[in-house]
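A look at the structure
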Amino acid sequence: MILDGKTVASQIHDELRIEVESLRARGIVPHIALLLVGDNAASLSYVQSKSRACEKIGIASTVHRLPASASHQEVIELICRWNQDPTIHGILVQLPLPAHIRTDDVLQTIDPQKDVDGFHPVNVGRAVLGLPSFVPCTPAGIVELLRRYRITVRGKHVVVLGRSNIVGKPLANLLMQKAPWADAIVTVCHSAADDVQAYTRQADILVVAVGRAGLIHGDDVREGAVVVDVGINRIEDSTAPRGYRIVGDVDFASVAPKASAITPVPGGVGPMTIALLLRNTVYSAAGIAWEKPLFQ
Ligand code: GUN
(Lines give C-alpha, C1' and ligand atoms only; values in the text may rest on other atoms or scores of the structure.)
Protein backbone atom coordinates (compact mmCIF):
# COMPACT_ATOMS: atom_id res chain seq x y z
CA MET A 1 0.00 0.00 0.00
CA ILE A 2 1.23 3.45 -0.91
CA LEU A 3 0.63 6.03 1.81
CA ASP A 4 -0.44 8.86 -0.44
CA GLY A 5 0.38 12.02 1.49
CA LYS A 6 -0.55 14.25 -1.39
CA THR A 7 -4.16 13.05 -1.47
CA VAL A 8 -4.54 13.02 2.32
CA ALA A 9 -3.04 16.52 2.55
CA SER A 10 -5.51 17.74 -0.02
CA GLN A 11 -8.40 16.34 2.09
CA ILE A 12 -7.03 18.22 5.09
CA HIS A 13 -6.81 21.40 3.00
CA ASP A 14 -10.51 21.00 2.11
CA GLU A 15 -11.43 20.57 5.80
CA LEU A 16 -9.38 23.59 6.80
CA ARG A 17 -10.80 25.77 4.02
CA ILE A 18 -14.20 25.47 5.73
CA GLU A 19 -12.70 26.46 9.10
CA VAL A 20 -10.94 29.42 7.50
CA GLU A 21 -14.22 30.57 5.94
CA SER A 22 -15.97 30.48 9.30
CA LEU A 23 -13.11 32.41 10.93
CA ARG A 24 -13.26 35.01 8.17
CA ALA A 25 -17.03 35.28 8.69
CA ARG A 26 -16.21 36.22 12.30
CA GLY A 27 -13.77 38.87 11.08
CA ILE A 28 -10.60 36.82 11.71
CA VAL A 29 -8.25 36.44 8.73
CA PRO A 30 -5.70 33.75 9.64
CA HIS A 31 -2.26 35.14 8.83
CA ILE A 32 1.17 33.52 8.91
CA ALA A 33 4.51 35.33 8.67
CA LEU A 34 7.40 33.36 7.19
CA LEU A 35 11.03 34.39 7.48
CA LEU A 36 13.72 33.18 5.11
CA VAL A 37 17.28 34.29 5.77
CA GLY A 38 19.74 33.75 2.90
CA ASP A 39 19.18 32.13 -0.46
CA ASN A 40 19.38 28.39 0.08
CA ALA A 41 17.46 27.04 -2.93
CA ALA A 42 15.72 24.22 -1.06
CA SER A 43 14.65 26.54 1.78
CA LEU A 44 13.32 29.07 -0.71
CA SER A 45 11.25 26.41 -2.42
CA TYR A 46 9.85 25.16 0.94
CA VAL A 47 8.88 28.68 1.98
CA GLN A 48 7.21 29.33 -1.37
CA SER A 49 5.29 26.03 -1.14
CA LYS A 50 4.13 26.86 2.39
CA SER A 51 3.04 30.37 1.41
CA ARG A 52 1.20 29.15 -1.71
CA ALA A 53 -0.60 26.43 0.26
CA CYS A 54 -1.75 29.03 2.81
CA GLU A 55 -3.11 31.37 0.18
CA LYS A 56 -4.98 28.52 -1.52
CA ILE A 57 -7.13 27.90 1.55
CA GLY A 58 -7.61 31.55 2.48
CA ILE A 59 -4.78 32.00 5.02
CA ALA A 60 -2.94 35.28 4.43
CA SER A 61 0.83 34.89 4.28
CA THR A 62 3.69 37.36 4.48
CA VAL A 63 7.07 36.14 3.28
CA HIS A 64 9.96 38.25 4.56
CA ARG A 65 13.39 37.62 3.07
CA LEU A 66 16.61 38.82 4.62
CA PRO A 67 20.06 38.47 3.05
CA ALA A 68 22.46 35.87 4.48
CA SER A 69 24.45 38.83 5.85
CA ALA A 70 21.53 39.97 8.07
CA SER A 71 22.56 40.42 11.69
CA HIS A 72 21.28 38.37 14.60
CA GLN A 73 19.72 41.53 16.03
CA GLU A 74 17.85 42.28 12.81
CA VAL A 75 16.24 38.85 12.91
CA ILE A 76 15.31 39.19 16.59
CA GLU A 77 13.78 42.64 16.02
CA LEU A 78 11.67 41.41 13.13
CA ILE A 79 10.29 38.57 15.24
CA CYS A 80 9.55 40.95 18.11
CA ARG A 81 7.55 43.11 15.69
CA TRP A 82 5.59 40.07 14.52
CA ASN A 83 5.00 39.00 18.14
CA GLN A 84 3.39 42.41 18.81
CA ASP A 85 1.28 42.45 15.64
CA PRO A 86 -2.22 41.18 16.51
CA THR A 87 -3.02 40.48 12.84
CA ILE A 88 -0.28 37.80 12.71
CA HIS A 89 -1.27 34.42 14.21
CA GLY A 90 1.65 32.27 13.13
CA ILE A 91 5.41 32.87 12.87
CA LEU A 92 7.72 30.48 11.02
CA VAL A 93 11.47 30.89 10.70
CA GLN A 94 12.74 28.59 7.99
CA LEU A 95 15.72 26.52 9.14
CA PRO A 96 18.63 26.22 8.83
CA LEU A 97 19.69 29.79 9.60
CA PRO A 98 23.15 31.11 8.60
CA ALA A 99 25.83 30.04 11.10
CA HIS A 100 26.30 33.50 12.66
CA ILE A 101 22.66 33.61 13.76
CA ARG A 102 21.94 31.85 17.04
CA THR A 103 19.04 29.57 16.13
CA ASP A 104 18.11 28.76 19.74
CA ASP A 105 17.79 32.46 20.63
CA VAL A 106 15.70 33.10 17.54
CA LEU A 107 13.31 30.23 18.24
CA GLN A 108 12.99 31.27 21.89
CA THR A 109 12.06 34.81 20.83
CA ILE A 110 8.95 33.62 18.97
CA ASP A 111 5.78 34.09 21.04
CA PRO A 112 4.93 30.48 22.06
CA GLN A 113 1.30 31.20 21.18
CA LYS A 114 2.29 32.00 17.58
CA ASP A 115 4.84 29.20 17.29
CA VAL A 116 3.21 27.22 14.48
CA ASP A 117 6.36 25.10 14.02
CA GLY A 118 6.26 24.02 17.68
CA PHE A 119 9.99 24.60 18.16
CA HIS A 120 9.80 26.96 21.18
CA PRO A 121 10.88 25.24 24.43
CA VAL A 122 7.47 25.98 25.95
CA ASN A 123 5.75 24.02 23.20
CA VAL A 124 8.39 21.28 23.30
CA GLY A 125 7.85 21.00 27.05
CA ARG A 126 4.07 21.01 26.75
CA ALA A 127 4.23 18.29 24.09
CA VAL A 128 6.52 16.14 26.26
CA LEU A 129 4.01 16.45 29.09
CA GLY A 130 1.18 15.50 26.71
CA LEU A 131 -0.48 18.92 27.06
CA PRO A 132 -2.17 20.59 24.10
CA SER A 133 0.53 22.47 22.21
CA PHE A 134 1.77 23.40 18.80
CA VAL A 135 3.30 20.18 17.48
CA PRO A 136 6.12 20.27 14.90
CA CYS A 137 4.55 19.84 11.49
CA THR A 138 6.47 16.84 10.12
CA PRO A 139 5.95 14.58 13.17
CA ALA A 140 2.31 15.68 13.40
CA GLY A 141 1.92 15.02 9.67
CA ILE A 142 3.31 11.50 10.04
CA VAL A 143 0.94 10.68 12.92
CA GLU A 144 -1.99 12.10 10.95
CA LEU A 145 -1.05 10.15 7.80
CA LEU A 146 -0.88 6.85 9.72
CA ARG A 147 -4.19 7.62 11.44
CA ARG A 148 -5.99 8.34 8.21
CA TYR A 149 -4.78 5.00 6.79
CA ARG A 150 -5.92 3.34 10.03
CA ILE A 151 -2.42 2.09 10.78
CA THR A 152 -2.40 1.81 14.54
CA VAL A 153 0.85 2.27 16.39
CA ARG A 154 -0.39 1.06 19.78
CA GLY A 155 1.97 -1.61 21.12
CA LYS A 156 3.97 -1.59 17.88
CA HIS A 157 7.73 -1.20 17.80
CA VAL A 158 8.45 2.05 16.00
CA VAL A 159 12.10 2.62 15.12
CA VAL A 160 12.94 6.24 14.33
CA LEU A 161 16.20 6.80 12.48
CA GLY A 162 17.46 10.31 13.24
CA ARG A 163 17.25 12.40 16.42
CA SER A 164 16.78 15.93 15.12
CA ASN A 165 14.79 18.52 17.05
CA ILE A 166 12.60 18.94 13.95
CA VAL A 167 11.62 15.31 13.33
CA GLY A 168 13.21 12.46 15.32
CA LYS A 169 12.86 13.76 18.88
CA PRO A 170 9.36 15.25 18.63
CA LEU A 171 8.07 12.23 16.69
CA ALA A 172 9.43 9.80 19.29
CA ASN A 173 7.78 11.90 21.99
CA LEU A 174 4.42 11.91 20.22
CA LEU A 175 4.37 8.19 19.53
CA MET A 176 5.25 7.24 23.11
CA GLN A 177 2.44 9.35 24.62
CA LYS A 178 -0.14 7.51 26.67
CA ALA A 179 -3.02 8.06 24.24
CA PRO A 180 -5.24 5.98 21.97
CA TRP A 181 -3.52 7.40 18.86
CA ALA A 182 -0.02 6.66 20.18
CA ASP A 183 1.08 4.14 22.85
CA ALA A 184 3.93 2.85 20.67
CA ILE A 185 7.16 1.24 21.84
CA VAL A 186 9.74 3.65 20.42
CA THR A 187 13.43 3.22 19.66
CA VAL A 188 15.42 6.22 18.47
CA CYS A 189 18.50 5.19 16.51
CA HIS A 190 21.22 7.57 15.38
CA SER A 191 24.70 7.90 13.98
CA ALA A 192 26.43 6.49 17.07
CA ALA A 193 24.90 3.05 16.48
CA ASP A 194 27.47 0.39 15.50
CA ASP A 195 24.95 -1.68 13.64
CA VAL A 196 21.98 0.34 12.38
CA GLN A 197 20.50 -2.66 10.61
CA ALA A 198 20.16 -4.53 13.91
CA TYR A 199 17.64 -1.82 14.88
CA THR A 200 15.89 -1.19 11.58
CA ARG A 201 15.17 -4.89 11.11
CA GLN A 202 13.24 -4.97 14.38
CA ALA A 203 10.82 -2.25 13.33
CA ASP A 204 7.11 -2.84 12.83
CA ILE A 205 7.10 0.77 11.69
CA LEU A 206 10.34 2.31 10.44
CA VAL A 207 10.65 6.08 10.14
CA VAL A 208 13.74 7.31 8.33
CA ALA A 209 14.68 10.95 8.95
CA VAL A 210 18.40 11.14 8.34
CA GLY A 211 18.79 13.16 5.14
CA ARG A 212 20.90 10.72 3.14
CA ALA A 213 19.63 9.60 -0.26
CA GLY A 214 18.83 5.90 -0.53
CA LEU A 215 20.26 5.04 2.91
CA ILE A 216 17.78 2.23 3.63
CA HIS A 217 17.56 -0.83 1.37
CA GLY A 218 15.33 -3.89 1.23
CA ASP A 219 17.79 -5.87 3.40
CA ASP A 220 17.37 -3.36 6.20
CA VAL A 221 13.63 -3.87 6.73
CA ARG A 222 11.49 -6.64 8.07
CA GLU A 223 8.93 -8.27 5.74
CA GLY A 224 5.59 -6.50 6.26
CA ALA A 225 6.98 -3.39 7.93
CA VAL A 226 5.42 0.03 7.48
CA VAL A 227 8.07 2.41 6.12
CA VAL A 228 7.86 6.19 6.44
CA ASP A 229 10.45 8.12 4.44
CA VAL A 230 11.04 11.67 5.67
CA GLY A 231 14.02 12.37 3.41
CA ILE A 232 13.92 15.08 0.75
CA ASN A 233 17.25 14.88 -1.08
CA ARG A 234 18.14 16.67 -4.30
CA ILE A 235 20.04 14.46 -6.73
CA GLU A 236 21.65 15.97 -9.81
CA ASP A 237 19.95 14.69 -12.93
CA SER A 238 20.67 16.36 -16.25
CA THR A 239 17.62 14.67 -17.81
CA ALA A 240 15.24 16.24 -15.27
CA PRO A 241 13.61 19.59 -16.18
CA ARG A 242 15.23 21.41 -13.24
CA GLY A 243 18.54 19.58 -13.43
CA TYR A 244 17.78 17.61 -10.26
CA ARG A 245 15.26 15.17 -8.90
CA ILE A 246 14.03 14.55 -5.39
CA VAL A 247 14.63 11.22 -3.69
CA GLY A 248 14.03 9.99 -0.16
CA ASP A 249 16.25 8.32 2.41
CA VAL A 250 14.70 5.00 1.42
CA ASP A 251 15.57 3.09 -1.73
CA PHE A 252 11.95 2.69 -2.82
CA ALA A 253 12.62 0.02 -5.46
CA SER A 254 14.11 -2.50 -3.04
CA VAL A 255 12.06 -1.61 0.06
CA ALA A 256 8.53 -1.32 -1.41
CA PRO A 257 8.21 -5.06 -2.26
CA LYS A 258 8.92 -5.97 1.40
CA ALA A 259 6.85 -3.26 3.05
CA SER A 260 3.14 -3.60 3.84
CA ALA A 261 2.87 0.18 3.44
CA ILE A 262 5.32 2.86 2.37
CA THR A 263 5.38 6.61 1.79
CA PRO A 264 6.67 7.75 -1.63
CA VAL A 265 9.06 10.67 -2.13
CA PRO A 266 7.84 13.05 -3.37
CA GLY A 267 4.16 12.87 -2.40
CA GLY A 268 4.41 11.23 1.03
CA VAL A 269 5.45 13.08 4.17
CA GLY A 270 6.28 16.41 2.47
CA PRO A 271 2.68 17.44 1.66
CA MET A 272 1.59 16.33 5.15
CA THR A 273 4.13 18.69 6.74
CA ILE A 274 2.52 21.59 4.91
CA ALA A 275 -1.03 20.45 5.72
CA LEU A 276 -0.21 20.35 9.44
CA LEU A 277 1.39 23.79 9.25
CA LEU A 278 -1.90 25.09 7.85
CA ARG A 279 -3.79 23.35 10.64
CA ASN A 280 -1.52 24.84 13.31
CA THR A 281 -2.04 28.28 11.80
CA VAL A 282 -5.82 27.92 11.69
CA TYR A 283 -5.89 26.69 15.30
CA SER A 284 -3.68 29.60 16.30
CA ALA A 285 -6.00 32.11 14.61
CA ALA A 286 -8.97 30.45 16.32
CA GLY A 287 -7.12 30.69 19.66
CA ILE A 288 -7.46 26.95 20.35
CA ALA A 289 -3.94 25.61 19.79
CA TRP A 290 -3.42 25.19 23.53
CA GLU A 291 -6.87 23.72 24.07
CA LYS A 292 -7.20 21.02 21.44
CA PRO A 293 -5.81 17.62 22.42
CA LEU A 294 -2.75 16.72 20.34
CA PHE A 295 -4.92 14.31 18.33
CA GLN A 296 -8.45 13.02 18.83
N1 GUN B 1 13.61 23.10 7.84
C2 GUN B 1 13.37 21.80 7.58
N3 GUN B 1 12.16 21.44 8.08
C4 GUN B 1 11.65 22.54 8.65
C5 GUN B 1 10.41 22.80 9.32
O6 GUN B 1 9.53 21.95 9.50
N7 GUN B 1 10.24 24.07 9.75
C8 GUN B 1 11.17 25.03 9.58
N9 GUN B 1 10.93 26.23 10.07
N10 GUN B 1 12.33 24.82 8.97
C11 GUN B 1 12.54 23.58 8.50
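This report concerns the structure included in the present document. These figures come from a predicted structure and were not determined experimentally.

Rules used throughout
- Residues numbered from 1 in each chain as written.
- Predicted model: local features only at pLDDT ≥ 70, side-chain atom pairs only at ≥ 80, totals over all residues.
- Heavy atoms only, no water.
- Buried < 20%, exposed > 50% of the residue type's maximum accessible area, 1.4 Å probe, protein only.
- Helix = DSSP H or I, 4+ residues; strand = E, 2+ residues; numbered from the N terminus.
- Pairing = 2+ DSSP bridges.
- Phe/Tyr/Trp six-rings, centres within 6.5 Å; stacked < 30°, edge-to-face > 60°.
- Lys NZ or Arg CZ within 6 Å of the ring centre and 35° of its normal.
- Salt bridge = Lys/Arg side-chain N within 4 Å of Asp/Glu carboxyl O.

A word on the pairing of strand 1 (residues 31-37). The buried fraction of strand 1 is high, at 7 of 7 residues. Where burial is concerned, the two faces of strand 1 agree: the one with His 31, Ala 33, Leu 35 and Val 37 and the one with Ile 32, Leu 34 and Leu 36 are both buried. Sheet topology note: the strand 1/strand 2 (residues 60-66) ladder contains 7 bridges and is parallel. The residue bridging Leu 34 from the neighbouring strand is Val 63, located in strand 2.

As a further point, take the packing of aromatic side chains. The geometry of an aromatic ring pair is captured by two quantities: the separation of the ring centres and the angle between the planes. According to the stated counting rule, one finds 1 aromatic pair in the structure shown. Taking 4.9 Å as the distance between ring centres and 55° as the angle between the ring planes, the aromatic pair formed by Trp 181 and Phe 295 counts as tilted. Placement of the pair is Trp 181 in the loop between helix 7 (168-175) and strand 5 (185-189) and Phe 295 in the segment after helix 10 (269-286), with a sequence separation of 114 residues. Note on accessibility: Trp 181 and Phe 295 belong to one class, buried. One Lys or Arg, Arg 126, reaches over the ring of Trp 290 and ends 4.1 Å from the middle of that ring. A cation over an aromatic ring shows up here: Arg 234 above the ring of Tyr 244, its NZ or CZ 4.2 Å from the ring centre.

Moving on, we come to the pattern of salt bridges. Any two side chains of opposite charge can pair if their charged atoms end up close together. Per the stated rule, a full pass over the model turns up 9 salt bridges. Where Arg 148 meets Glu 15, a salt bridge forms, and the shortest distance between an N and an O atom there is 2.8 Å. Highlighted residues: Arg 148 in helix 6 (residues 137-148) and Glu 15 in helix 1 (residues 5-25), separated in sequence by 133 residues. The exposure class of Arg 148 is partly exposed, given its relative accessible area of 29%. Linking Arg 222 and Asp 204 is a salt bridge whose minimum nitrogen-to-oxygen distance equals 3.0 Å. Of this pair, Arg 222 sits in the loop between strand 6 (205-208) and strand 7 (226-229) while Asp 204 sits in the loop between helix 8 (196-200) and strand 6, and the two are 18 residues apart along the sequence. Since its relative accessible area comes to 33%, Arg 222 is described here as partly exposed. By relative accessible area, which is 24% here, Asp 204 ends up partly exposed.

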